[in-house]
Amino acid sequence: MTIIANLQTTAAGFDGKNLINYGRYPIANAGHSVRQKIIEKVKSDLADDGCALLDGFLNEFGLGIILNEALERRSTAYFSNNNRTNAYFSTPDPSLPNTHPVNIMMDRTNGFITSDQFEPTTNACQFYHWHPLLRFLADCLDKDQLYIYADPISNMIINVCSPGTQFNWHFDTNEFTITMLLKPASSGGYFEYAPAIRTADDENYTGVAEVLKGKSDRVKRLQLKPGDLQFFLGRYALHQVTKNTGDDDRLLIIMSFTEQPDVVGSKQRVKQLYGRLAKAHHQDRSRNDNLMD
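Nothing here was measured: the structure is a model prediction, and the numbers come from that model.

About the cut-offs
- Residues numbered from 1 in each chain as written.
- Predicted model: local features only at pLDDT ≥ 70, side-chain atom pairs only at ≥ 80, totals over all residues.
- Heavy atoms only, no water.
- Helix = DSSP H or I, 4+ residues; strand = E, 2+ residues; numbered from the N terminus.
- Rg over C-alpha atoms; globule rule 2.2 N^0.38 Å.
- Buried < 20%, exposed > 50% of the residue type's maximum accessible area, 1.4 Å probe, protein only.
- Contact = heavy atoms within 4.5 Å.
- Areas by Shrake-Rupley, 256 points an atom, 1.4 Å probe, with all protein chains shown as cover.
- Phe/Tyr/Trp six-rings, centres within 6.5 Å; stacked < 30°, edge-to-face > 60°.
- Lys NZ or Arg CZ within 6 Å of the ring centre and 35° of its normal.
- Core = buried A, V, L, I, M, F, W, Y, C linked by side-chain atoms within 4.5 Å.
- Pairing = 2+ DSSP bridges.
- Axes fitted to C-alpha atoms, helices over the stretch in contact; angles between N-to-C directions.

What follows covers the overall build of the protein. Looking only at helices and strands, the protein has 6 helices and 13 strands in total. A globule of 293 residues ought to have a C-alpha radius of gyration of about 19 Å, and the protein, at 18 Å, matches this closely. For the protein, the C-alpha atoms occupy an extent of roughly 55 × 40 × 40 Å along the three principal directions. For the protein, buried positions account for 55% of its 293 residues. Considering only contacts within the protein whose residues lie at least 6 apart along the sequence, 84% involve residues at least 24 apart. As displayed, the protein offers around 12800 Å² of accessible surface, 48% of which is attributable to carbon and sulfur atoms.

The following block contains the structure:
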């Protein structure tokens, strides 16, 4: 799908309502009863298992134009040559048993189009910074305020699962992540997750190990369609994208937000996933917890 048209390319003239099915999702109208019902449903779903889905959030135009921007930058996607990792993107620990999650290594073969490939005037970037979207997401997540994830490499990225690749079991850096599927795999490429398997105070290595060994009954599979918006509490939910067994890319836009300003990813994690660092990664960084990753 290719859309040539463009929205106005200044932040002041940008209107995110053009990109979404606004009749179903009147997110810019703070007093709208439908908006409030959506918020309550999202809160309920997140409380239930850490995941909530807004079906068909992007309209045909919005989906097409953001997909087109991703396809235009597909050649910049970074695929790491070092693709054996654990769920924490850390090094193994020889002092621990081989069955410990830190020592269970998996193949990570997916790639990423990083946020610095998107100019501020792109629709994807402007939508990410659009205040009504930020306010709506904060209300759904029951947060007083959200900040744009300060990481200049990974705050808004495209997860690229080309044929034969997969994104291994892992946790997110942020408590919550917002994603929208732009292009599914023709087969495979399923999103699977084990909700709330750890907390800010408990890594629950036993439960994590059961998932990694395929012995857990906590794993769920979500059926995503192009244009769907997903709320996901990925800091505490172990999750993966299974191998793309189709013949074309699976493309997913990931928008990250934080409760505190100036949060960036760890140097080790950013370097491993995206292949490079920025100045911000060499400075002291904010964290919301003391989890190992």
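Let's pick the thread back up.
Take the packing of aromatic side chains next. The final tally for this structure, using the stated rule, is 13 aromatic pairs. Ring centres of Tyr88 and Phe171 lie 5.8 Å apart, and the angle between their planes is 25°; on these two criteria the pair is classed as stacked. Of the two residues, Tyr88 is situated in the loop between strand S2 (84-85) and strand S3 (106-107) and Phe171 in the loop between strand S7 (167-170) and strand S8 (177-183); the sequence distance between them amounts to 83 residues. Consider the rings of Phe127 and Trp130, whose centres lie 6.0 Å apart with planes at 25°: the pair is stacked. For the pair shown, Phe127 and Trp130 are each scored as buried. By way of ring pairs, the aromatic residues Phe89, Phe112, Phe167 and Tyr274 are connected into one cluster. Positioned above the aromatic ring of Tyr22, the side-chain terminus of Lys17 is 5.4 Å from the ring centre. The aromatic ring of Tyr190 is capped on one face by Arg221, whose charged end is 4.0 Å from the ring centroid.

A few words on the nonpolar core. The nonpolar side chains of soluble globular proteins are, as a tendency, buried together. Core analysis: the largest hydrophobic core is formed by 49 residues, its most contacted members being Phe57, Phe127, Leu182, Phe231 and Met255. At 6 residues, the largest contribution of residues to this core is made by helix H4 (residues 131-140). Residue contacts for Phe127: discarding those within four places in its chain leaves Phe14, Gly16, Leu19, Ile20, Phe57, Leu58, Ile66, Leu133, Met180 and Met255. Core analysis: the second largest hydrophobic core is formed by 21 residues, Cys51, Ile157, Phe167 and Phe232 among them.

Listing the buried residues of H4 in full gives Leu133, Leu134, Phe136, Leu137, Ala138 and Cys140. Phi turns positive, to about 60°, at Asp142, one or two residues after H4.

This paragraph deals with the environment of Gln36. The residue Gln36 is located in helix H1 (residues 33-49) in this model. Residues Gln36 and Pro26 lie 10 residues apart in sequence; the distance between their C-alpha atoms is 9.6 Å.

Bringing the sheet that holds strand S9 (residues 191-194) into the picture now. The sheet built from 4 strands is open, its strands ordered S7-S12-S9-S10 with antiparallel pairing. Edge positions in the open sheet fall to S7 and strand S10 (220-222), since each of these has one partner strand only. The mean inter-strand angle of the sheet, taken between neighbouring strand axes irrespective of direction, is 20°. Across 2 bridges, S7 lies against strand S12 (residues 238-241) in antiparallel orientation. Note on S12: the bridge partner recorded for His170 is His239.

Limitation: the analysis is restricted to geometry and does not speak to function.
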